[in-house]
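Here's the letter readout for the chains.
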Amino acid sequence: MTATAITNTIRKLRFERNEMTQQDLAERVGVTRQTINAIELGKYSPSLEVAFRIAAALGVRLEEVFSYDGGAPAPRGTAR
Amino acid sequence: MSFREKTAWITLITLVLASLLFVVHPPTDLTLAPDSDLFRFHVLLLSIATFVVIEIVAIVVVALRAPRDAKAPFDERERLITLKAKGLAWHALAWSSLGSVMITIHLGANEIGLAYCVLASFVFSLMVNYAARIVYYRRGA
């Protein structure tokens, strides 16, 4: 799978929070450590709910954790 | 590697071993001719028993080594992986079952031959299911 257009700063934010481990974050969010790892590496885009839970667990706003680099999609019905 | 990825590997490997046992390593029951249907049925039962025993023992061992992972509910990524793998497996089951019926009609196999072919289709679809899960776990989702 190619990396998604959604990038994140989870790794940086974890280390800023007393080097929180992936397992600690996973337990706070309610997912597996492997899922946090997949999100961090950009291999998996979480649902909006999990994204909010990650932001809450890290104590920041959603947009400080995730950003979208794919640009705006073309309006429907317009030629690309 | 997560608990569920390990169990997917265990199931896939056990399925392959049990299938190989059925195909190439029949029990040495000298009272039955190798080509008899009863003999094949005994081999089938042995293969199923082998599958069940290895599967249970291996998964219990893995679960005992990581009890917290084993008890954790499926998260959204794991549910997505399961769903995508099952989608592929259903296609595999549908096409291989159809293929089995067509092949047995053309070969003139009896009902027992047809039943074995459909069973093989089911096993094949399970292999596709667990192989797909492993691939999705490796890729992220």
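The rules behind these values
Residues numbered from 1 in each chain as written. Chains lettered and ligands numbered in written order. Predicted model: local features only at pLDDT ≥ 70, side-chain atom pairs only at ≥ 80, totals over all residues. Heavy atoms only, no water. Helix = DSSP H or I, 4+ residues; strand = E, 2+ residues; numbered from the N terminus. Buried < 20%, exposed > 50% of the residue type's maximum accessible area, 1.4 Å probe, protein only. Contact = heavy atoms within 4.5 Å. Areas by Shrake-Rupley, 256 points an atom, 1.4 Å probe, with all protein chains shown as cover. Lys, Arg positive; Asp, Glu negative; His and termini not counted. Charge placed at Lys NZ, Arg CZ, Asp CG, Glu CD. Axes fitted to C-alpha atoms, helices over the stretch in contact; angles between N-to-C directions. Parallel < 35°, antiparallel > 145°, perpendicular 65-115°, else oblique. Left-handed = near helix turned anticlockwise from the far one by under 90°. Nonpolar A, V, L, I, M, F, W, Y, C, P; charged D, E, K, R; others polar. Salt bridge = Lys/Arg side-chain N within 4 Å of Asp/Glu carboxyl O. Polar contact = N/O pair within 3.5 Å; in protein donor to acceptor, adjacent residues only side chain to side chain. Phe/Tyr/Trp six-rings, centres within 6.5 Å; stacked < 30°, edge-to-face > 60°. Lys NZ or Arg CZ within 6 Å of the ring centre and 35° of its normal.

Focus: the overall build of chain B
Tallying secondary structure elements over chain B gives five helices and zero strands in all. For chain B, the sequential pattern of α-helices and β-strands runs α-α-α-α-α. When the backbone C-alpha atoms are referred to their principal axes, chain B occupies close to 50 × 35 × 20 Å. By the burial criterion, 34% of the 141 residues in chain B qualify as buried. Summarising the internal contacts of chain B: among those between residues at least 6 apart in sequence, 78% fall at separations of at least 24. Entry remark: accessible area of chain B is about 8600 Å², with carbon and sulfur atoms responsible for 75%. Of note, chain B has its 13 positive side-chain charges centred 13 Å away from the centre of its 10 negative side-chain charges.

Quick look at the packing of helix H2 (residues 22-29) of chain A against helix H4 (residues 48-58) of chain A
Residues and elements named next belong to chain A. Two numbers describe how H2 lies on H4: the axes approach to 9 Å, and their chain directions differ by 120°. What the angle tells us is that H2 and H4 run oblique. Judged by the twist between their axes, the crossing of H2 over H4 is right-handed. In contact with Leu 25, Arg 28 and Val 29 of H2, H4 contributes Val 50, Arg 53, Ile 54, Ala 57 and Leu 58. Broken down by class, the residue content of the contact of H2 with H4 amounts to six nonpolar, no polar and two charged.

Considering the side chain of Arg 77 of chain B
With respect to the element layout, Arg 77 of chain B can be found in helix H4 (residues 76-107). One buried charge, Arg 77 of chain B, has no salt-bridge partner; the nearest side chain with opposite charge is Asp 75 of chain B, at 5.3 Å. For Arg 77 of chain B, the side chain forms a polar contact with the side chain of Thr 35 of chain A, separated by 3.1 Å. The contacts of Arg 77 of chain B, once residues within four sequence positions are left out, are Thr 32, Gln 34, Thr 35, Ala 38 and Tyr 44 of chain A together with Tyr 137, Gly 140 and Ala 141 of chain B.

As for the packing of helix H1 (residues 3-24) of chain B against helix H2 (residues 37-65) of chain B
Residue and element names in this part refer to chain B. At a minimum axis separation of 9 Å, H1 and H2 run at an interaxial angle of 160°. In terms of their interaxial angle, H1 and H2 are classed as roughly antiparallel. In this structure, H1 meets H2 at a crossing whose hand is right-handed. Here the residues of the contact of H1 with H2 are counted per class, giving 15 nonpolar, five polar and three charged.

Some remarks on the packing of aromatic side chains
Residues and elements named next belong to chain B. Scanning all chains against the criterion turns up one aromatic pair over all chains. Above the plane of the ring of Phe 74 lies Arg 4, whose end atom (NZ or CZ) is 3.9 Å from the centre. Lying over the aromatic face of Tyr 136, Lys 84 brings its terminal NZ or CZ to 4.6 Å of the ring centre.

Examining the interface of chain A and chain B
When the parts come together, some accessible area is lost, and that loss is often what is quoted as the size of the interface. Between chain A and chain B, the residue contacts involve 14 residues of the former and 13 residues of the latter. At the junction of chain A with chain B, the criterion picks out one salt bridge. In this structure, the salt-bridge partner of Arg 68 of chain B is Glu 27 of chain A, at a minimum N-O distance of 3.2 Å. If you look at where chain A meets chain B, you find six residue pairs in polar contact (both at pLDDT 80 or more). Mapped onto the side of chain A that touches chain B, the elements with two or more residues apiece are H2 and helix H3 (33-40) of chain A.

Points about the environment of Thr 7 of chain B
Along the chain, Thr 7 of chain B falls in helix H1. Along the primary structure Thr 7 of chain B and Val 62 of chain B are separated by 55 residues, whereas in three dimensions their C-alpha atoms are 8.0 Å apart.

Some details on unusual backbone geometry
Residue and element names in this part refer to chain A. Non-glycine residue Asn 18 carries a positive phi angle of around 60°. Position of Asn 18 relative to the elements: it lies in the loop between helix H1 (10-16) and H2. The backbone phi angle of Glu 19 is positive, close to 50°, even though this residue is not glycine. Inspection of the secondary structure assignment puts Glu 19 in the loop between H1 and H2.

Structural measurements only, silent on function.
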